[in-house]
There are 2 protein chains.
Amino acid sequence: MNALLRDANPPLTRSVEDYLKVIYHLSNQGGFAATSDIAAMLDVAPPSVSGMVKRLSETGLIEHVPYRGVQLTAQGRRAALRMIRRHRILELYLTQHLGYDWGGVHAEAEQLEHAVSDELVERMASALGHPLYDPHGDPIPTAAGEIEEAELVSLADAPVGLKLELRQVGTQDSARLHYLAGQGLTPGVLLTVSERQPFNGPTTVALVPSGDPRVVGRELAQLLWCREVPVDGYGAAAR
Amino acid sequence: MNALLRDANPPLTRSVEDYLKVIYHLSNQGGFAATSDIAAMLDVAPPSVSGMVKRLSETGLIEHVPYRGVQLTAQGRRAALRMIRRHRILELYLTQHLGYDWGGVHAEAEQLEHAVSDELVERMASALGHPLYDPHGDPIPTAAGEIEEAELVSLADAPVGLKLELRQVGTQDSARLHYLAGQGLTPGVLLTVSERQPFNGPTTVALVPSGDPRVVGRELAQLLWCREVPVDGYGAAAR
DNA sequence: TAAGATGATTAGGCTATACTAATTCGATAA
DNA sequence: TTATCGAATTAGTATAGCCTAATCATCTTA
Ligand SMILES: [Mn+2]
Ligand SMILES: [Mn+2]
Ligand SMILES: [Mn+2]
Ligand SMILES: [Mn+2]
């Protein structure tokens, strides 16, 4: 078959969709996604990434600077955000309508995101009342491809004394998620930073309004992304 | 990599899963599924089927008699029924919980059946109350791999005068399904055969209890599979 | 500034799945 | 009983993904 006659815009394969998502996450802060980081996140060998990168840049989904890394083009970014929308709507639907807990949804959504039709995604979004956040607090991109960019501080960096709303939990690891849920540390919770031990020590917080203390080690604290709340306090209701 | 060290039981690919399903449907009545019929149903070229048939028989999923066709082994049959269970539960879930109509579910389920986990399938089955039939009236295999074998007559062959319950609609074509639904011809409906024109002519039925007449051409009548109902009449309630 | 170390790429191969063109088998019909 | 025809198979090729081993580029450090 003549290459010129081949479909100019074939649908993306599931591999390509996953590559675009991880490139989005790795280059989100404006930088380049490195080959080895992409390889690690997708659990493939670095040469596999080099090969895929060649194809993706030929099709105009990414920009490749050899030995530096890659970034998404506008087209690639649109495709990535479409996948992220699907993934997060699926996660929320599975928790809200099918009894999944937030530690178990990720793996299921990782598969389903490639199989659902646009129609099904939008039907689930409707059934959920067009939600803005997934079960982990991550913002759901709109169908038009816009995504909320919140300025959040990690609990590991938040100064003592601050009152915070926990907004996002930055892991998909189900053991960590289950532990955090057991501690009552889920998106939407209010807390104040009561102290922090030196030398990368744990952070102690007090839940609001109960006042219950929680001691959070640095590894987990780095995963807890928070929004500062005015101390007089109706920030959560205003969200 | 040494072939002997490769995974002895790799998960089935989506292609393999679809081949097994169509072989099941084509060889259901005990016969052999022909290469060209498999090719037509999967919309691939016959040599592609020959190649796949070789691999599937090497892995013990089918039995191949060259130039005759193929049949499923016990293992292949189990795999096929597992896919059919997934497909039918998905179809029913999409219609019952997400507002799909019965003409639109098939294509969606055809993709999702390969992506859902066993856990998700069983959660959907629970949410549906462990249903026995899909939206088209087809029986849903159990998780253990058993399937109801009903003796049904096609409306095209049913003798005049008989009282019938419409049980299954044997097509996935959405135009035909929409038309039939518009005529009130959906699984569970009761009807009596009032007359049939000769020379492959249409069959006229009366809906029960309304008595409304419906004239059904031979092509559609052949798709309507019915169960005979005792004339005194509580068959439907006993189902 | 030259050597390592580290990370990226190229070279070469493998499997799954499809295709077209050529060939072969088997059933039917002269 | 053989010629023929349609179905099935084989031969050969392509693409998407992945791999390991070898090479190459860039950054760091002595
Ligand atoms: Mn995925
Ligand atoms: Mn999430
Ligand atoms: Mn179906
Ligand atoms: Mn399918």
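Only a predicted model underlies this, so the values are computations on that prediction, with no experimental measurement involved.

Quick notes on the rules
- Each chain has its residues counted from 1, following the order in which its sequence is written.
- Written order determines the labels here, with chains lettered from A and ligands numbered from 1.
- Only residues with pLDDT of at least 70 get local features here, since the model is predicted, and only at 80 or more are side-chain atom pairs given and counted; chain-wide, interface and lining totals rely on the full set of residues.
- Processing note: side-chain calculations cover all non-hydrogen atoms of the structure and skip hydrogens and water entirely.
- Every residue pair with non-hydrogen atoms within 4.5 Å of one another is taken to be in contact.
- Any pair of nitrogen or oxygen atoms within 3.5 Å is treated as a polar contact; in protein, a donor-acceptor pairing is required on top of that, and neighbouring residues in sequence qualify only through side-chain atoms on both sides.
- Think of it this way: any DSSP run of H or I at least four residues long counts as a helix, any run of E at least two long counts as a strand, and we number them from the N terminus.
- Charged residues are taken to be Asp, Glu, Lys and Arg, nonpolar residues to be Ala, Val, Leu, Ile, Met, Phe, Trp, Tyr, Cys and Pro, and polar residues to be all remaining types, Gly included.
- In these notes, residues near a molecule or strand are those with any non-hydrogen atom within 4 Å of it.
- Each metal's donors comprise the N, O and S atoms found within 2.8 Å of it (within 3.2 Å for Na, K or Ca). Water is not part of the atom list, so some coordination spheres may appear incomplete.
- Nine residue types can take part in a nonpolar core, namely buried Ala, Val, Leu, Ile, Met, Phe, Trp, Tyr and Cys, and a core is a set of them joined through side-chain atoms within 4.5 Å.
- Remark: exposure states derive from per-residue accessible area (1.4 Å probe, protein chains only) relative to the maximum for the residue type, with buried under 20%, exposed over 50%, and partly exposed in between.

**Points about the interface of chain B and chain A**
- On the side of chain A, 18 residues touch chain B, which itself brings 18 residues to the contact.
- Across the chain B-chain A interface, the total number found is nine residue pairs in polar contact (both at pLDDT 80 or more).
- Mapped by element, the contributors of at least two residues to the side of chain B that touches chain A are α4 (74-98), α5 (105-112) and α6 (118-127) of chain B.
- Counting residues per element, the side of chain B that touches chain A draws most heavily on α6(B), which supplies five residues.
- Split by residue class, the side of chain B that touches chain A holds ten nonpolar, four polar and four charged.

**Focus: the protein's contact with DNA strand C**
- Around DNA strand C, the structure places 21 residues, and the nearest of them are Ser36(A), His64(A), Thr13(B), Ser48(B) and Arg55(B).
- Here DNA strand C approaches the protein such that, of its atoms within 4 Å, sugar and phosphate make up 76%.
- A distance of 2.9 Å separates a phosphate oxygen of DNA strand C from a polar atom in the side chain of Thr35(A).
- Ser48(B) is positioned with one of its side-chain polar atoms (N or O) 2.4 Å from a phosphate oxygen of DNA strand C.
- Of all the secondary structure elements, the ones that give two or more residues to the surface near DNA strand C are α2 (35-42) and α3 (46-58) of chain A together with α1 (14-26) and α3 (46-58) of chain B.
- A per-element tally of the surface near DNA strand C places α3(B) first, with four residues.
- Classifying every residue of the surface near DNA strand C by side-chain character gives twelve nonpolar, seven polar and two charged.

**So, the coordination of the manganese ion (ligand 4)**
- Donor atoms from the polypeptide that bind the manganese ion (ligand 4) are Asp18(B) (OD), Glu110(B) (O), Glu110(B) (OE), Glu113(B) (OE) and His114(B) (NE2), placed at 2.0 to 2.4 Å.
- The sequence pattern describing where the donors of the manganese ion (ligand 4) fall on their chain is D-x91-E-x2-E-H.

**Some details on the coordination of the manganese ion (ligand 2)**
Residues and elements named next belong to chain A.
- Protein-derived coordination of the manganese ion (ligand 2) comes from Glu91 (OE), Asp134 (OD) and His136 (ND1), at a distance range of 2.0 to 2.3 Å.
- Between consecutive donors of the manganese ion (ligand 2), the numbers of intervening residues give the motif E-x42-D-x1-H. Highlighted residues: Glu91 in helix α4 (residues 74-98) and His136 in the loop between α6 (118-127) and β3 (153-154), separated in sequence by 45 residues.

**Quick look at the protein's contact with DNA strand D**
- Near DNA strand D you find 21 residues, and of these Thr13(A), Ser48(A), Arg55(A), Ser36(B) and His64(B) are the closest.
- What you see for DNA strand D is that sugar and phosphate hold 78% of its atoms within 4 Å of the protein.
- A distance of 2.6 Å separates a phosphate oxygen of DNA strand D from a polar side-chain atom of His64(B).
- The backbone of Tyr67(B) places a nitrogen or oxygen atom 3.4 Å from a phosphate oxygen of DNA strand D.
- If you list the elements that add at least two residues to the surface near DNA strand D, you get α1 (14-26) and α3 of chain A together with α2 (35-42) and α3 of chain B.

**Side note on the nonpolar core**
- Core analysis: the biggest nonpolar cluster contains 36 residues, and Leu98(A), Leu112(A), Leu120(A), Leu98(B), Leu112(B) and Leu120(B) have the highest contact counts within it.
- Listed by contribution, the elements that provide at least two residues to this core are α4, α5 (105-112) and α6 of chain A together with α4, α5 and α6 of chain B.
- Contact partners of Leu98(B), with chain neighbours within four places excluded, come to Tyr93(A), Leu120(A), Arg123(A), Met124(A), Ala127(A) and Tyr93(B).

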